[in-house]
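Given next are the chains, with one letter for each unit.
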There are 2 protein chains.
Amino acid sequence: MASLKINCARLNHTLHSTCSQWGAHPSWPETGMCRLALSEEDKMARDWLVQECKALGCDVKVDQMGNIFAIRAGTATDRKPIGMGSHLDTQPAGGRYDGILGVQAALEVLRTLHENDIKTYCPLALIDWTNEEGARFPGAMMSSGVWSTKSSLSLQDCHNVRDEEHRKLKDALEDIAYLGETLCDYRENGLECHFELHIEQGPILDKEKKSIGVVTAVQGMKWFAIRVMGIEGHSGTTPMANRSDALVTASRLISSVRDTALNTRLGVATVGVIKSDTSSQATIPAGINFIIDVRCSTDKMVEDLSSKIFKAFDKIIEAECNETSYKITKTWGLPESIFHPNCIGSVRAAALEEVSDDEILDMKSHAGHDSAWTSRVVPTSMIFVPSKDGISHNPNEYTSPEHWSLGAQVLLNAVLKYDERAKTREY
Amino acid sequence: MASLKINCARLNHTLHSTCSQWGAHPSWPETGMCRLALSEEDKMARDWLVQECKALGCDVKVDQMGNIFAIRAGTATDRKPIGMGSHLDTQPAGGRYDGILGVQAALEVLRTLHENDIKTYCPLALIDWTNEEGARFPGAMMSSGVWSTKSSLSLQDCHNVRDEEHRKLKDALEDIAYLGETLCDYRENGLECHFELHIEQGPILDKEKKSIGVVTAVQGMKWFAIRVMGIEGHSGTTPMANRSDALVTASRLISSVRDTALNTRLGVATVGVIKSDTSSQATIPAGINFIIDVRCSTDKMVEDLSSKIFKAFDKIIEAECNETSYKITKTWGLPESIFHPNCIGSVRAAALEEVSDDEILDMKSHAGHDSAWTSRVVPTSMIFVPSKDGISHNPNEYTSPEHWSLGAQVLLNAVLKYDERAKTREY
């Protein structure tokens, strides 16, 4: 079975033809993608995926969060499926590998098994997790979170999340006919384990000239929604000394987020989103919202860095000595995730069948993934392939065909390795 | 004629009933207004105004920018009208005195003359200038600027300005049926002079317990649209040291706008609008736009303060030592305006008929007004009344009935004083 090979040319064609059709942007580099969750482009890509999986004889289930489970039967009737999941949605200015590669590679695994007429012991499940990016509907990895039942957001909460046009996620699911009836709960619609092929999105593999990352954990992260309040006034008539300018205060706070993260070396902290209540250039802004994204190797470090950031905020507010203030209006977090040795072992063994040990690196993920949620309820690991210059969430995101096809092959090998052990009841 | 009195109760009723109907906001204080230029609310207020003026026998002309000229005939056939102008539009979160008071007071002047059957020598023109705020369609005092032919923006430019929904101003004028045929050019549709009653929008009259400001000039101002460019990246995987975060750089620049204005004491500088290309909290922002509003007593000081701000910017960019950069993408300016002694004299004499000298203050305007543009082509002055605590561009904007009715009375007196001199050919 180790000699079973995926069809690189087919995967290449599938990956690029679907991206070109559903989400490519005419003024971006060829690799750029905008396929927001539950958009028309997402619907087209989903419809195509469902059709392809059905053509392979899969049973397709859609759950209450729109997660697609395409299940290929195994010989065992008492085992849950081995999952191969990732996501088809992208950032508004993203690339065609982040997420999409993992789903397309899983399809290629199913196609390879199908054309070679191989029946695994456990069933297999290709999974497209809804709204992994959290770009249209705030809250990344939203639907794997609901499925795991370990997220602080319930199904109800997530159904009520609104996009910028105030459309509810539940309505958006109905719009594209992906509000399914399968319960979004791992206890009702479970998996044996979860594997995810993904681009690294960071520079480590590329810099160290490694081909495969065996992912052992995902770093912890926390998001804080901040509101800065000041006093509105006329930009021409309000003396500089009498101002409580919310944007000036927010600017000082945002600068300090970077400075604190850089100086403490505890992790990374980013303000990606800023919005002002004011849309007039002749008005002193009175309300600014922004979101801080903090990520560190451990949960303890996330807490330390966050508390240092807010200490810096309090100092700034004191020094400003006006009527501006801030409050934390919402937090969201993904605790550190430790992956399962059985899955990690399968990935490592799978990689060693293709490349030598010095091309393989054990590593932590610095980005969040659906696998972080699945790891809380089923054995999980991930396979990373290199991102050129570590660029991601950017139209210039790039992974070479050699690397992504190697990744897809390692995914196939890992699934078969795990399945073999499951069959002999070693797992 | 000095004993002719406006009807305060009627003006009070007109001012508040029209504001309550067209632009009041249920969750704001009673004085709050949102009546954006060429919105449905603006249309309703305009339609009402036109009807009221026609009922007084006025000839109503609408020009190519939607400016309304309601002209009441005088006895002279060879003189242009004495203008009484201001604006009916407001900021998105503004008040019911800024602009609206000036137009409603002008209507009260016409009503008072009408019911007392007084015919002036010169014709009189009530004027509603379109889009003074520049809040919906960027570019404040836009239409008086076109009329004066001295603005850098042509009629064509202004017709093509788009709001946030990408609606062109010309189309918006058509939407509400205010795209008129009268040429928007003072040489074709001229005025004898221009008077404007307005709230001060600053704290000076209120603090110094004065009742009337005789406005002698408008300070110079300049707006700069800035774009900060960085490199997009993933918030989790891009090390702090390798980032070119456009929002962090923009934050440092915005802080320095305030610090430079405060420290040099040359004038005021404000960033009222900020927008990020990025709407994802997991992405390092690569593009930020913001607008700087600089205002000083003289044009020279505007130049000095602006150049000091940009020197501070260059230092910051150098210190950041990454790939972020900025460019000035557009500028717009209103040079210092000096009002005309004949109009200033009429306002001062008009005020002295109502209050003693120690309640009157000669002052510069720190805010821009349509009168700044009219002053470039016809004799102009303004009447200021106190703003409580100097608050404006804010739903809490407030001017007491004593003050605004005094202002309307002074407007009537000033127009009659000017008209008397015009009749005796002294002006």
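For chain A, an unreviewed UniProt entry supplies the name Amidase and the organism Lepidopterella palustris CBS 459.81.

Undergrad: Is there a simple way to explain the overall build of chain A in this structure?
TA: Helix and strand counts for chain A stand at 12 helices and 17 strands. Taking 427 residues into account, the globule formula puts the C-alpha radius of gyration at 22 Å, and chain A, at 23 Å, falls close to it. Counting only C-alpha atoms and orienting by the principal axes, one finds that chain A spans roughly 80 × 45 × 40 Å. By residue count, 63% of the 427 residues in chain A fall in the buried class.

Undergrad: I tried to follow the pairing of strand S8 (residues 212–218) of chain B on my own but got confused; where do I start?
TA: Walk down a regular strand and you will see the side chains alternate between the two sheet faces. Residue and element names in this part refer to chain B. By the criterion of burial, S8 is predominantly enclosed, with 6 of the 7 residues buried. Here S8 runs beside strand S16 (residues 360–365); their pairing, made up of 6 bridges, is parallel. The residue of S16 that forms the bridge with Val218 is Ser365. With 3 bridges connecting them, S8 and strand S17 (residues 380–385) associate as antiparallel partners. Looking at the pairing, Val215 lines up with Met382 of S17. Looking at chain direction, S8 and strand S15 (residues 337–338) are connected through 2 bridges and run antiparallel. Its bridge partner lying in S15, Val218 is registered against Ser337.

Undergrad: I'm lost on the UniProt feature "domain: Peptidase M20 dimerisation" (unreviewed entry) in chain A in this one. Help?
TA: UniProt annotation of "domain: Peptidase M20 dimerisation" (unreviewed entry) refers to residues 217–316 of chain A when read in the numbering used here. Taken end to end, residues 217–316 of chain A has its terminal C-alpha atoms 36 Å apart, with 37% of it in helix and 35% in strand.

Undergrad: Help me understand the interface of chain B and chain A, please; the structure alone is not making it clear to me.
TA: It is common to give the size of an interface as the accessible area that goes away when the parts come together. Counting from both sides, the interface comprises 62 residues of chain B and, opposite them, 62 residues of chain A. Its largest share of buried area at the contact with chain A, chain B owes to B:Met240, B:Arg258 and B:Gln281, together 16% of the area lost on that side. Our count for the chain B to chain A interface comes out at 2 salt bridges. The shortest N-O distance in the salt bridge between A:Arg252 and B:Asp259 comes to 2.7 Å. Connecting chain B to chain A are 24 residue pairs in polar contact (both at pLDDT 80 or more). Contributions of two or more residues to the side of chain B that touches chain A are made by strand S10 (233–234), helix H8 (246–264), strand S11 (268–276), strand S12 (283–284) and strand S13 (287–296) of chain B. Residue contributions to the side of chain B that touches chain A peak at 10 residues, all from H8(B).

Undergrad: Where do I start with the domain arrangement of chain A in this structure?
TA: All names here are of chain A. The domain architecture assigned to chain A consists of domain 1 (8–219 + 336–423) and domain 2 (220–334). Relative to domain 2, the C-alpha centre of domain 1 lies at a distance of 34 Å. Each partner contributes residues to the interface: domain 1 has 14 residues there, and domain 2 has 12 residues. In total, about 1100 Å² of surface goes out of reach between domain 1 and domain 2, with carbon and sulfur atoms giving 54% of it. It is Gln219, Glu336 and Trp373 in domain 1 that bury the most area against domain 2; as a group they hold 46% of the surface buried on that side. Residue Glu164 pairs with Lys275 through a salt bridge whose shortest N-O separation is 2.5 Å. Scanning the region where domain 1 abuts domain 2 turns up 3 residue pairs in polar contact (both at pLDDT 80 or more).

Undergrad: How should I be thinking about the relation of the copies chain B and chain A in this particular structure?
TA: Put simply, the second copy of the chain is the first one after a rotation about an axis and a shift along it. Aligned on chain A, chain B shows an RMSD of 0.0 Å; the corresponding rotation is 180° and the shift along the axis is 0.0 Å. Between the two chains, the operation in question is that of a two-fold axis. If distances are taken from each C-alpha of chain B to the rotation axis, the shortest is found for B:Ser251, at 2.1 Å. Both copies contact each other with a shared surface, as 100% of the interface residues of chain B are interface residues in chain A too.

Undergrad: Looking at this structure, I do not really get the nonpolar core. What am I missing?
TA: What tends to happen in soluble globular proteins is that the nonpolar side chains get buried as a cluster. Counting 107 residues, the largest nonpolar core has B:Cys53, B:Leu126, B:Trp147, B:Phe195 and B:Leu411 as its most contacted members. Looking at which domains feed residues into this core, each of domain 1 (8–219 + 336–423) and domain 2 (220–334) of chain B supplies at least three. Formed by 106 residues, the second largest nonpolar core is a distinct cluster that contains A:Met33, A:Ala125, A:Phe195 and A:Trp404.

Undergrad: Teacher, can you tell me more about the sheet that holds S11(B) here?
TA: Two orientations exist for strands paired in a sheet by backbone hydrogen bonds: parallel and antiparallel. Residues and elements named next belong to chain B. An order of S11-S13-S9-S14 is seen for the 4 strands of this open sheet, with the pairing classed as antiparallel. In the strand order of this sheet, the two ends are held by S11 and strand S14 (325–334), each with one partner. Averaged over all neighbouring strand pairs, the angle between strand axes comes to 20°, with direction disregarded. Pairing between S11 and S13: 8 bridges, direction antiparallel. Bridge pairing in S13 links Ser276 to Ile288.

Undergrad: In this structure, what is going on with the sheet that holds strand S13 (residues 287–296) of chain A? I would like to understand it.
TA: All names here are of chain A. The 4 strands lie next to each other as S11-S13-S9-S14, forming an open sheet whose pairing is antiparallel. On the outer flanks of this sheet lie strand S11 (268–276) and strand S14 (325–334), each paired with one strand and no other. Averaged over all adjacent pairs, the angle separating strand axes in this sheet is 20°, with direction ignored. Examined bridge by bridge, strand S9 (residues 220–229) and S13 share 10 bridges and lie antiparallel to one another. In the sheet register, Arg227 faces S13, and the bridge partner there is Asn289. Sheet strands in contact with helix H9 (residues 299–320) are S9, S11, S13 and S14, and its direction is about 150° off that of S13.

Undergrad: Looking at this model, I keep getting lost on the pairing of strand S6 (residues 124–128) of chain B. Mind explaining?
TA: Within S6(B), 5 of the 5 residues are buried, leaving the element largely enclosed by the surrounding structure. Here S6(B) shows two buried faces, one formed by B:Leu124, B:Leu126 and B:Asp128 and the other by B:Ala125 and B:Ile127.

Undergrad: Please explain the packing of helix H3 (residues 100–115) of chain A against helix H12 (residues 401–423) of chain A as it appears in this structure.
TA: All names here are of chain A. The geometry of H3 relative to H12 is characterised by a closest axis approach of 9 Å and an angle of 60° between their N-to-C directions. As far as their axial angle goes, H12 and H3 are oblique. Between H3 and H12 lies a crossing of right-handed hand. Taking contact as the criterion, the partners of Leu101, Ala105, Ala106, Val109, Thr112 and Leu113 in H3 are, on H12, Trp404, Ala408, Leu411, Leu412 and Leu416. For the contact of H3 with H12, the residue count by class is 10 nonpolar, 1 polar and no charged.

Undergrad: Teacher, can you tell me more about helix H9 (residues 299–320) of chain B here?
TA: Quick reminder: α-helices carry 3.6 residues per turn. Residues three or four places apart thus point the same way. Residues and elements named next belong to chain B. Taking 1.5 Å per residue, 22 residues should reach 32 Å; H9 reaches 32 Å between its end C-alpha atoms and fits that length. Those residues of H9 hidden inside the fold are in contact with strand S9 (220–229), H8, S11, S13 and S14. Downstream of H9 by a residue or two, Cys321 has a phi angle that is positive, lying close to 60°.

Undergrad: So what exactly am I meant to see when it comes to the pattern of salt bridges here?
TA: Once their charged atoms are close, side chains differing in charge can pair, the charge on each being opposite to the other. Applying the stated criterion to the full structure yields 48 salt bridges over all chains. Across the pair A:Glu108 and A:Arg10 runs a salt bridge, and its minimum N-O distance is 2.8 Å. Of the two residues, A:Glu108 is situated in helix H3 and A:Arg10 in helix H1 (residues 8–21); the sequence distance between them amounts to 98 residues. Here B:Asp175 ties to B:Arg167 by a salt bridge, and the two come within 2.9 Å at their closest N and O atoms. Of the residues examined, B:Asp175 reaches a relative accessible area of 46% and is grouped as partly exposed.

Parameters at a glance
What you see as residue numbers is a count from 1 along each chain, following the sequence as written. For this description, chains carry letters from A and ligands carry numbers from 1, given in the order in which they are written. The model is predicted, so local features are restricted to residues of pLDDT at least 70 and side-chain atom pairs to those at 80 or more, both for listing and for counting; the totals for chains, interfaces and linings are taken over all residues. Each side-chain value is worked out from all heavy atoms of the structure, with water and hydrogens disregarded. Put simply, DSSP marks the helices as runs of H or I at least four residues long and the strands as runs of E at least two long, and each gets a number from the N terminus on. Only C-alpha atoms enter the radius of gyration; for comparison, a globular chain is expected to reach 2.2 Å times N to the power 0.38, where N is the number of residues. Here the term buried applies to any residue with accessible area under 20% of the maximum for its type, exposed to any over 50%, and partly exposed to those in between, with areas from a 1.4 Å probe on protein chains only. Following DSSP output, two strands are said to pair if at least two bridges run between them. UniProt positions are given in the numbering used here, feature names are shortened, and annotations may be inferred rather than shown by experiment. The criterion used for residue contact is that any of the two residues' heavy atoms lie within 4.5 Å. Throughout, the accessible surface (probe 1.4 Å) given up by two parts as they are put together, summed over both, is called the buried area. Put simply, a salt bridge is a Lys or Arg side-chain nitrogen that is within 4 Å of an Asp or Glu carboxyl oxygen. Throughout this description, a polar contact denotes any pair of N or O atoms lying within 3.5 Å of each other; where both atoms belong to protein, one of them has to be capable of donating a hydrogen while the other can accept it, and for residues adjacent in sequence the pair is counted only when both atoms sit in side chains. What counts as a domain boundary in this text is fixed by an automatic or database domain assignment. Here the copies were fitted onto each other by least squares, based on C-alpha atoms from residues at pLDDT of at least 70 in both. Working definition of a nonpolar core: buried Ala, Val, Leu, Ile, Met, Phe, Trp, Tyr and Cys residues. They are joined through side-chain atoms within 4.5 Å. Lines fitted to the C-alpha atoms define the axes, with helices restricted to the stretch that makes contact. Angles between their N-to-C directions range from 0 to 180 degrees. Roughly parallel here means an angle under 35 degrees, roughly antiparallel means over 145, roughly perpendicular means 65 to 115, and every remaining angle is called oblique. By convention the crossing between two helices is left-handed if the near helix lies anticlockwise of the far one by an angle smaller than a right angle, and right-handed if it lies clockwise. Three classes are used, and their members are as follows: Ala, Val, Leu, Ile, Met, Phe, Trp, Tyr, Cys and Pro are nonpolar, Asp, Glu, Lys and Arg are charged, and the others, Gly among them, are polar. Each helix should span, by expectation, one fewer than its residue count multiplied by 1.5 Å.

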